[in-house]
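Residues per chain are reported as follows:
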Amino acid sequence: MTIREEWEATEAQTLSPRACPAARTKGRLREEPPCPLRTCFQRDRDRVIHSKAFRRLKHKTQVLLLPEGDHLRTRLTHTLEVSQIARTISRALRLNEDLTEAIALAHDLGHTPFGHMGERVLNRLAREAGLEGFHHAQQSLRVVDHLEKGGKGLNLTWEVRMGILQHSKGQVRVGEGFALESPSSLEAWVVRVSDSIAYLNHDLDDALRARLLREEEIPDVVTRRLGKTHGERICRMVEDVVASSGEEIRFGAEVLESMEALRAFLLERVYAAPPVKAEEPKVAFLVETLFRRCLKTNPQWGPREVLDHISGMTDRYALQVFERENVPRPWPENPIVNW
């Protein structure tokens, strides 16, 4: 018996009946011999970590553009926080922690430079070019299926690939965002929930650190029910989802109501705050300029290839390419704010 087979036997004995064991995977796009040491989901996790797209996340915006402060989040630290939260929940529910981790680490590989501002611009440009649009979850799947390894892709398992697609909730109320009629696995559902736990807490923490907010402005229902510190709030949410979940991954009513209040507060005071929104026209001008120039200077590329190219850029590389173009810009010296 190989070490991988021993792991699979351990999963059969220890995981919940609702979990997705590695031995029952639906397989890969292309068949390949199994690893003697790692299960298929452990192997997927390692492939994601060693990918170029994963490394680029360290220089992509989470919420605050081009964060120069050493303690502000980037897309990479967001991904790691999602992974940690999701693994804790999966372990507590006796789900497959390896599958959960692989999905969590891969879920944002297709995210654009400049966060959701950049994504909105690329979505508009894609539709204007006759495509169906641009969405970072679909792009993340495209990265692992087609773009990594010189076009060969990472050849991940069906369960990880579907978890990547199902992680995104869009700009909706928290409770609506957790609804998932046909989850590919409970592990995928755990990542979807963990993504919200992570961003609600770290976006608040970053806003306080950047002095967009003050502690005393946080809604009372949030501090009273969830906690007064970053750690207390995460613990309360994680413990609640573990206690409330069964056939579905869910929160209790009180915690969910508090999370709704926190999201509404962040939407008004951070995501739509004047200092943040003031940068959106700059991001739109920069990204659209890159898109038009890439189409013009690379006649062998169509809109799809240009979207792949730009969405893979880090914030700082996009700025460097933009500056090389010497395009007159409709704003003063600093092209994009640094927090």
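Draft legend 1. Expanded view of helix H2 (residues 40-49). In terms of burial, H2 is largely enclosed, as eight of its 10 residues are buried. Tucked into the core, H2 has its buried residues touching helix H1 (3-14), helix H3 (52-56), helix H5 (97-106) and helix H8 (158-166).

Draft legend 2. Fine view of the nonpolar core. In terms of nonpolar packing, the biggest core is built from 91 residues, with Leu109, Ile197 and Val287 touching the most fellow members. When residues of this core are assigned to their parent elements, the largest contribution, 13 residues, is made by helix H10 (residues 186-209). When residues no more than four places from it in sequence are discounted, the contact partners of leucine 109 are Val48, Ser51, Ala53, Phe54, Leu57, Lys60, Ser140, Val143 and Val144.

Draft legend 3. A look at the packing of aromatic side chains. Overall, the coordinates contain one aromatic pair when judged by the stated rule. Its guanidinium or amino end placed over the ring of tryptophan 158, lysine 26 lies 3.9 Å from that ring's centre, counting from NZ or CZ.

Draft legend 4. Looking closely at a nonpolar patch on the surface. Nonpolar side chains collect at one region of the surface, where Ile3, Trp7 and Leu37 lie side by side and expose about 310 Å² of accessible area between them. With respect to the helices and strands, the residue isoleucine 3 is situated in helix H1.

Draft legend 5. Spatial organisation of a positive patch on the surface. Where like charges cluster on the molecular surface, the positive patch consists of Lys52, Arg55, Lys58 and Arg316. Tracing the backbone shows lysine 52 in helix H3. Residue classification places lysine 52 among the partly exposed residues on the basis of a relative accessible area of 48%.

The rules behind each value
The residue numbers shown here count from 1 along each chain, following its written sequence. Local features in this predicted model are restricted to residues whose pLDDT is 70 or higher, and side-chain atom pairs enter the listing and the counts only when it is 80 or higher, whereas totals over whole chains, interfaces and linings include all residues. Each side-chain value is worked out from all heavy atoms of the structure, with water and hydrogens disregarded. Under the scheme applied here, a residue whose accessible area is under 20% of the maximum for its type counts as buried, over 50% as exposed, and between as partly exposed, the area being computed with a 1.4 Å probe on protein chains only. A run of DSSP states H or I qualifies as a helix once it reaches four residues; a run of E qualifies as a strand once it reaches two. Both are numbered from the N-terminal end. Any pair of residues with heavy atoms lying within 4.5 Å of one another is described as a contacting pair. In plain words, nonpolar cores are sets of buried Ala, Val, Leu, Ile, Met, Phe, Trp, Tyr and Cys residues tied together by side-chain atoms within 4.5 Å. When two rings of Phe, Tyr or Trp (its six-membered ring) have centres within 6.5 Å they constitute a pair, described as stacked for plane angles under 30 degrees, edge-to-face for angles over 60, and tilted for the intermediate range. Any Lys NZ or Arg CZ that is within 6 Å of a ring centre and within 35 degrees of that ring's normal is treated as a charge sitting over the ring. Residues forming no salt bridge and having over 30% relative accessible area are the ones grouped into patches, like charges within 9 Å of each other and nonpolar side chains (Val, Leu, Ile, Met, Phe, Trp, Tyr) within 5 Å. Throughout, the Shrake-Rupley method with a 1.4 Å probe supplies accessible areas, and for residues the shown protein chains are the sole cover considered. Counted as salt bridges are all cases of a side-chain nitrogen of Lys or Arg within 4 Å of a carboxyl oxygen of Asp or Glu. For the charge count, each Lys or Arg is scored as positive and each Asp or Glu as negative, with His and the chain ends excluded. Charge coordinates come from a single atom per side chain, which is NZ of Lys, CZ of Arg, CG of Asp or CD of Glu.

By themselves, these are just geometric observations and shouldn't be taken as functional.
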